[in-house]
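Given next are the chains, with one letter for each unit.
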Amino acid sequence: DTAVSQTPKYLVTQMGNDKSIKCEQNLGHDTMYWYKQDSKKFLKIMFSYNNKELIINETVPNRFSPKSPDKAHLNLHINSLELGDSAVYFCASSLLGQDYNSPLHFGNGTRLTVT
Amino acid sequence: DQQVKQNSPSLSVQEGRISILNCDYTNSMFDYFLWYKKYPAEGPTFLISISSIKDKNEDGRFTVFLNKSAKHLSLHIVPSQPGDSAVYFCAASRLESGGGADGLTFGKGTHLIIQP
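The following refers to the structure shown. (Residues numbered from 1 in each chain as written. Chains lettered and ligands numbered in written order. Predicted model: local features only at pLDDT ≥ 70, side-chain atom pairs only at ≥ 80, totals over all residues. Heavy atoms only, no water.)

So, the overall build of chain A
Item 1. Looking only at helices and strands, one finds zero helices and 11 strands in chain A.
Item 2. For chain A, the sequential pattern of α-helices and β-strands runs β-β-β-β-β-β-β-β-β-β-β.
Item 3. The principal-axis extents of the C-alpha atoms in chain A amount to approximately 40 × 30 × 30 Å.
Item 4. Excluding contacts between residues fewer than 6 apart, the proportion of contacts in chain A whose partners are at least 24 apart in sequence is 55%.
Item 5. Surface accessibility of chain A: about 5900 Å² in total, with carbon and sulfur atoms responsible for 49%.
Item 6. Side chains of chain A give 12 positive and 11 negative charges; the mean places of these two sets differ by 6 Å. (Helix = DSSP H or I, 4+ residues; strand = E, 2+ residues; numbered from the N terminus. Contact = heavy atoms within 4.5 Å. Areas by Shrake-Rupley, 256 points an atom, 1.4 Å probe, with all protein chains shown as cover. Lys, Arg positive; Asp, Glu negative; His and termini not counted. Charge placed at Lys NZ, Arg CZ, Asp CG, Glu CD.)

Points about the overall build of chain B
Item 1. The number of helices and strands found in chain B is zero helices and 11 strands.
Item 2. Traced from its N-terminal end to its C-terminal end, chain B shows the element sequence β-β-β-β-β-β-β-β-β-β-β.
Item 3. A compact globule built from 116 residues should have a C-alpha radius of gyration of about 13 Å, and chain B, at 14 Å, falls within 12% of that.
Item 4. Its C-alpha atoms give chain B principal-axis dimensions of roughly 40 × 30 × 20 Å.
Item 5. Within chain B, residue pairs in contact and separated by at least 24 positions form 56% of the contacts whose partners lie at least 6 positions apart.
Item 6. Each charge sign in chain B was given a centre, from 11 positive and 11 negative side chains, and these centres are 3 Å apart. (Rg over C-alpha atoms; globule rule 2.2 N^0.38 Å.)

Thoughts on unusual backbone geometry
Item 1. Note the cis peptide between A:T7 and A:P8, where omega equals 0°.
Item 2. Along the chain, the position of A:P8 falls in the loop between β1 (4-7) and β2 (10-13).
Item 3. Put simply, B:V78 and B:P79 share a cis peptide bond, and its omega is -10°.
Item 4. With respect to the helices and strands, B:P79 occurs in the loop between β8 (72-77) and β9 (86-93).
Item 5. Positive phi, close to 65°, is recorded for B:A41, a residue that is not glycine.
Item 6. Secondary-structure assignment places B:A41 in the loop between β4 (32-38) and β5 (45-51).
Item 7. For B:K71, which is not glycine, the phi dihedral falls at a positive 50°.
Item 8. With respect to the element layout, B:K71 can be found in the loop between β7 (62-67) and β8.

Right, dumping it as structure tokens:
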């Protein structure tokens, strides 16, 4: 009964490849996110998305694109992978307009290693 | 430009004692603050939050204090238990933004180690 699940847990791939990370939430939330935890351990938002609006952090390269087939899924596609993309990627969800009762719920992360 | 700072990478506390984790922020627009707890190979889990209209919020063994004038918040855990050993992240956002475009701004985390 995992609330936010993402697959795969580990992903090792070569530079230049295209890969996807899948995320699903069963909490009935209407907003989903992708966060990146880099080597310095900072968790930084990449995207937030609800059925109305995709908001992109301006620092995210356009090689990264979120795809949402429905409200419960937000997959992350990465094209032309680079060494610097190696990080742990976390999916999260919440009700629109986080309030005191609706904080982010995170998945367990996908550790991406680009060689 | 770190808008949320956790200056202690690690903290060691004896079981049964009080653990105090500190967090400073620089963005005066932040009005909603949260603490997340993270175990290895898992995602962060929500622990407790506080809005800027309060200066204290308590939930069981966990209490968060907010000092707006000092742009400082702290998390108190008492009594500390072995299961509390984890990385604790402080996070902040602007409620007005709905957490959307800005999401949450996280600190680097503090690794709390509870010694038996």
